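# Coordinate analysis (summary)
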Amino acid sequence: MSLPATLDEAVAALAAVPAAVPVAGGTDLMSSVNAGLLRPAALVGLGRISEIRGWQYQDGHALLGAGLTHARMGRPDFAALIPALAAAARAAGPPQIRNAGTLGGNIASAAPAGDSLPVLAALEAVLIIVGPGGSRREVPVSHLLAGMEMLNPGELIGFVRVPLLHAPQVFLKATGRTGPGRAIASVALVLDPARRGVRCAVGAIAPMPLRPLEAEQWVAGLIDWDGERGLVPEALTAFGEYVAAACIPDQPPAEDGSERPHPPAVLHLRRTVAALARRALGRALS
């Protein structure tokens, strides 16, 4: 295993061995290796690269190092900056996973149940990708998760740029069992008072986080941004149902034109998404 001390050294190591795989916490990678699904030709360890293990301020944004662990993001000082991401980090599993797993690893593995992914989608975060020769390029995180952009050989996710909205943010997830675990559905919701907007992303129910854009626009138009920002319970319920219907649409009618109901499991998931979205918005507005 190569153990570079800087991002440039890591990129050079990957360029030298194109089949090499970068590894930080290894929580996803080693699961694949242990299951026999992956046999890396070589590993490039990122654990010694101090420049990606913290964060800094940049023009109204936080520039987060890809090596930040879930445990570090869950601490109070980070939670004061980006509450929803801190909440997702605290929900990312047992202590051994939170201590090892990293923000960059969560993004690069792109597992549908990755807790940070809907938060980053709702925040419209941007990736700073580092490449050979000191190159840098920016890619919206949603583009990478949707497969619209890919990491080229020799490239690494170096940083994640997140806007500091200074407004309420909420992350909620349902696991289907007691205690921390893999999400069956999750919702990240952030308020953006400067743009009088609501941004919502639903995770775990599809290969990538889903943004119910019409539901966001509809509910943003109901909020008194200059007043108390409260909504009646009926509006919260309607928002939850709007989000669920957008993310889990009705099935197309049968050939004879009759309705085809969802299977019970899908109906349960739809109710779960509606409840999470309703609660998330209610908490944010309260």
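Look a little higher up for the structure.
An account of the accompanying structure is given in this report.

Definitions and limits used
Residues numbered from 1 in each chain as written. Predicted model: local features only at pLDDT ≥ 70, side-chain atom pairs only at ≥ 80, totals over all residues. Heavy atoms only, no water. Disulfide = S-S within 2.5 Å. Buried < 20%, exposed > 50% of the residue type's maximum accessible area, 1.4 Å probe, protein only. Pairing = 2+ DSSP bridges. Helix = DSSP H or I, 4+ residues; strand = E, 2+ residues; numbered from the N terminus. Axes fitted to C-alpha atoms, helices over the stretch in contact; angles between N-to-C directions. Core = buried A, V, L, I, M, F, W, Y, C linked by side-chain atoms within 4.5 Å. Contact = heavy atoms within 4.5 Å. Polar contact = N/O pair within 3.5 Å; in protein donor to acceptor, adjacent residues only side chain to side chain.

This paragraph deals with the state of the cysteines. The final tally for this structure, using the stated rule, is zero disulfides. Cys200 takes part in no disulfide bond, and the closest cysteine sulfur, belonging to Cys247, lies 7.0 Å away. Residue classification places Cys200 among the buried positions, given a relative accessible area of 0%. Taking relative accessible area as the criterion, Cys247 reaches 12% and is therefore assigned buried.

The next subject is the sheet that holds strand S9 (residues 185-192). Within the open sheet, the three strands sit side by side as S8-S9-S10. Their pairing is antiparallel. A single partner strand is all that each edge strand has here, and the edge strands are strand S8 (169-174) and strand S10 (197-203). Across this sheet, the average inter-strand angle for adjacent strands is 10 degrees, counted without regard to direction.

Leu64, Ile82, Ile107, Leu120 and Val160 are the most contacted members of the largest nonpolar core, which has 39 residues in total. Beyond its immediate sequence surroundings of up to four residues, Leu64 is in contact with Gly54, Trp55, Phe78, Ile82, Leu85, Leu103, Gly158, Phe159, Val160 and Val162.

We now examine the side chain of His262. Relative to the helices and strands, His262 resides in the loop between helix H11 (233-247) and helix H12 (264-285). Given the relative accessible area of 12%, His262 is considered buried. Separated by 3.0 Å, the side chain of His262 and the backbone oxygen of Pro249 make a polar contact. Within the structure, the side chain of His262 is placed 3.4 Å from the side chain of Arg270, a separation counted as a polar contact.

What follows is about the sheet that holds strand S6 (residues 136-140). Read across the open sheet, the five strands follow the order S3-S4-S7-S5-S6; overall the sheet is antiparallel. A strand with exactly one partner marks an edge of an open sheet, and here the two such strands are strand S3 (55-58) and S6. For this sheet, the mean inter-axis angle between neighbouring strands, taken without regard to orientation, is 25 degrees. The pairing of S3 with strand S4 (residues 61-65) spans four bridges and is classified as antiparallel. From the neighbouring strand, Gln56 faces S4, where its bridge partner is Leu63. Sheet strands touched by helix H1 (residues 7-16): strand S5 (126-130), S6 and strand S7 (156-163). Its angle to S7, the strand with the most contacts, is close to 135 degrees.

The subject of this paragraph is the pairing of S9. Here S9 lies mainly inside the structure; eight of its eight residues are buried. Here S9 shows no split at all, with Ala185, Val187, Leu189 and Leu191 on one side and Ser186, Ala188, Val190 and Asp192 on the other all buried. Alignment of S8 against S9, held across six bridges, turns out to be antiparallel. Bridge pairing in S9 places Phe171 opposite Ala188. Bridging between S9 and S10 involves seven bridges; their strand directions are antiparallel. Across the sheet, the residue bridging to Leu191 is Val198, located in S10.

Positive phi, close to 55 degrees, is recorded for Glu124, a residue that is not glycine. Counting through the fold element by element, Glu124 comes out in the loop between helix H8 (116-122) and S5. In this structure Glu124 comes out as partly exposed when scored by relative accessible area, which is 38%. Phi angles above zero are rare outside glycine, and Ala204 is one such case at about 80 degrees. Inspection of the secondary structure puts Ala204 in the loop between S10 and helix H10 (213-220).

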